[in-house]
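Coordinate inspection notes
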Amino acid sequence: MAEVLLLSAADVRAVFDLPAAIASQRAAFGALGRGEARLAPRLLLDGPDGDVAFCYVSRLPGTGAVAKFGSVHPGNAARGLPTVAALVAVQDPVDGRPVAIIEGEAVTTLRTAAASAVAADHLAVPDASRLAVAGCGVQGRAHVRAMAAVRPIARTALACRHPDTCTVAAELAEELGTPVERAASVREAVEDAQIVVTATTSAEPVVLGAWLDPGCTVLSVGSFAPDRAEVDDDVLTRSAAVVVDDVATALDHAGPVVAAIRAGHLSPEEVRPLGPVVAGLAPGREDPADILFYNSVGIGVQDTAAASVIVERARAAGAGRHVEL
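Residues numbered from 1 in each chain as written. Predicted model: local features only at pLDDT ≥ 70, side-chain atom pairs only at ≥ 80, totals over all residues. Heavy atoms only, no water.

1. Focus on the domain arrangement of the chain
Partitioning the chain into structural domains gives domain 1 (3-108 + 301-324) and domain 2 (124-298). For domain 1 and domain 2, the distance between their C-alpha centres works out to 23 Å. Taken together, the contact between domain 1 and domain 2 spans 20 residues of the former and 24 residues of the latter. Roughly 1600 Å² is buried in total at the junction of domain 1 and domain 2, and carbon and sulfur atoms are behind 66% of that figure. For domain 1, the biggest contributors to the area lost against domain 2 are Leu18, Phe29 and Arg42; these three give 33% of the whole. Residue assignment for the side of domain 1 that touches domain 2 shows that the elements contributing at least two residues are helix H2 (18-33), strand E4 (52-59) and helix H4 (104-123). Per-element accounting of the side of domain 1 that touches domain 2 gives the leading share, seven residues, to H2. (Domains from an automatic or database assignment. Contact = heavy atoms within 4.5 Å. Buried area = accessible area lost by both parts, 1.4 Å probe. Helix = DSSP H or I, 4+ residues; strand = E, 2+ residues; numbered from the N terminus.)

The following block contains the structure:
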């Protein structure tokens, strides 16, 4: 029988903090950029009402295979439930036996925001202090915290679907001790921002390229499927670089990238991977006046790197519980 470590969302949060998550994502993208990671094609399965099921499998040096299966349910916001539900399964690197099963929503929340922080650290202007975030859900909140970890954010504008009643901005301002303003619209939030994060599941653009100032870096984390496009074509055409977590995956799944290529406004050869930038093998931002666009769809090496850290820390802390399968 195999003894498997079960880790709940509370267990994950107890052992996996933002600094550890950011370090894990630096390691993941560095390995990917050096050609040391193995990444299987990403699987998506459409469902009713915009639901999407997904599956990622990958390896990093020294790890067994890690698989994440889950789904995105946009309608969960109205139900008071997380949009993402997932499980992460970890295998032993030598014999392939199951080592751990981890609640995946907690992993996804932190590793996604941490990966965006790594991207921002390489792409955003060094003194970026004005942040705009479209979307006040789990990912929006996580990204406000993550951007503050890599840039001297002095002011954040948060655009929510229901700005008159949303309390997230006030809660984050109290938590972080810096101004977090509730914007009346996405445009109001974005204008004058140096970093713009889109953390929605919108099929229609919520950020337009015409709104962006020179030097702005846009990070899209909700455009994870071909039918999701949080930004318009102008964002990409105005950008000096279009950077993605993985080029092959983005060409099939990153909605704004797919749309821009289909419209003839972008060629596949112009799409750049983040990995070589993090590994120091390719430049990130080259001109402080450039607009840069980063599209994250989410890839397996992010979960593999995060899961490896979580399992190691959980064992050291005695977190979780063991079961025999």
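Right, picking up where we left off after that structure.
2. Topic: the packing of helix H5 (residues 138-150) against helix H6 (residues 168-176)
Packing of H5 against H6 brings their axes to within 11 Å, and their N-to-C directions diverge by 30°. Judged by the inter-axis angle, H5 sits roughly parallel to H6. In the packing of H5 onto H6, the handedness of the crossing is right-handed. Of the residues in H6, those in contact with Arg141, Val144 and Arg145 of H5 are Val168, Leu172, Glu175 and Leu176. (Axes fitted to C-alpha atoms, helices over the stretch in contact; angles between N-to-C directions. Parallel < 35°, antiparallel > 145°, perpendicular 65-115°, else oblique. Left-handed = near helix turned anticlockwise from the far one by under 90°.)

3. Looking at the nonpolar core
Ranked by internal contacts, the top residues of the largest apolar core, which has 73 residues, are Phe16, Val90, Ile102, Met147, Leu158 and Ile195. Once residues lying within four places of it in the same chain are set aside, the contact partners of valine 90 are Ala65, Val66, Arg97, Pro98, Val99, Ala100, Ile102, Ala307 and Val311. Of all hydrophobic cores here, the second largest spans 34 residues; its members include Tyr56, Phe224, Ala254 and Leu266. (Core = buried A, V, L, I, M, F, W, Y, C linked by side-chain atoms within 4.5 Å. Buried < 20%, exposed > 50% of the residue type's maximum accessible area, 1.4 Å probe, protein only.)

4. Examining the pairing of strand E1 (residues 3-7)
As judged from the four bridges shared by E1 and strand E16 (residues 321-324), these two strands associate in the antiparallel manner. From the neighbouring strand, valine 4 faces E16, where its bridge partner is valine 323. Here E1 runs beside strand E7 (residues 98-103); their pairing, made up of three bridges, is parallel. By the bridge assignment, leucine 7 is partnered in E7 with isoleucine 102. (Pairing = 2+ DSSP bridges.)

5. Points about empty space enclosed by the protein
Counted under the stated rule, the structure contains one cavity of 30 Å³ or more. The volume enclosed by the largest cavity comes to roughly 40 Å³. Together, Leu39, Ala40, Arg42, Tyr56, Val57, Thr249, Gly298, Ile299 and Gly300 line the largest cavity. (1 Å grid on protein atoms, 1.4 Å probe; cavity = no way out; pocket = protein on both sides within 12 Å on 5 of 7 lines; lining within 4 Å. Points joined across faces, edges and corners; volume = space filled by probe spheres on them.)

6. Topic: the pattern of salt bridges
Taken as a whole and assessed by the stated rule, the structure comprises 12 salt bridges. One salt bridge connects arginine 34 with glutamate 36, and the closest N-O pair in it is separated by 3.2 Å. Accessibility expressed as a relative area gives 47% for arginine 34, which makes it partly exposed. Between lysine 68 and aspartate 303 there is a salt bridge; the shortest N-O distance is 3.0 Å. Of this pair, lysine 68 sits in strand E5 (residues 66-72) while aspartate 303 sits in helix H12 (residues 300-317), and the two are 235 residues apart along the sequence. In this structure, lysine 68 and aspartate 303 share a single accessibility class: buried. (Salt bridge = Lys/Arg side-chain N within 4 Å of Asp/Glu carboxyl O.)

7. Comments concerning H2
Here H2 is 16 residues long and its end C-alpha atoms lie 22 Å apart, about the 22 Å a rise of 1.5 Å per residue gives. H2 sits mainly inside the fold: 12 of its 16 residues count as buried. The elements touched by buried residues of H2 are H4, H5, helix H11 (275-278), strand E15 (291-295) and H12. Of the residues flanking the end of H2, it is glycine 35, one or two places downstream, whose phi is positive at about 75°. (Expected span 1.5 Å × (residues − 1).)

8. A short note on the packing of H4 against H12
The geometry of H4 relative to H12 is characterised by a closest axis approach of 10 Å and an angle of 115° between their N-to-C directions. Judged by the twist between their axes, the crossing of H4 over H12 is right-handed. Packed against H4, whose contacting residues are Val107, Arg111, Thr112 and Ala115, the element H12 presents Gln302, Asp303, Ala306 and Ile310 at the interface. Of the residues contributing to the contact of H4 with H12, the split by class is four nonpolar, two polar and two charged. (Nonpolar A, V, L, I, M, F, W, Y, C, P; charged D, E, K, R; others polar.)

9. Some points on the layout of surface pockets
Here the idea is plain: a probe the size of a water molecule rolls over the atoms and shows the empty space left. Looking at the largest pocket, its volume works out to about 1100 Å³. What lines the largest pocket is a set of 44 residues, among which Thr83, Gly137, Ala199, Thr200 and Thr201 lie closest to the centre. Broken down by secondary-structure element, the contributors of at least two residues to the lining of the largest pocket are E4, E5, H4 and H5. Taken together, the residues of the lining of the largest pocket break down into 22 nonpolar, 16 polar and six charged.

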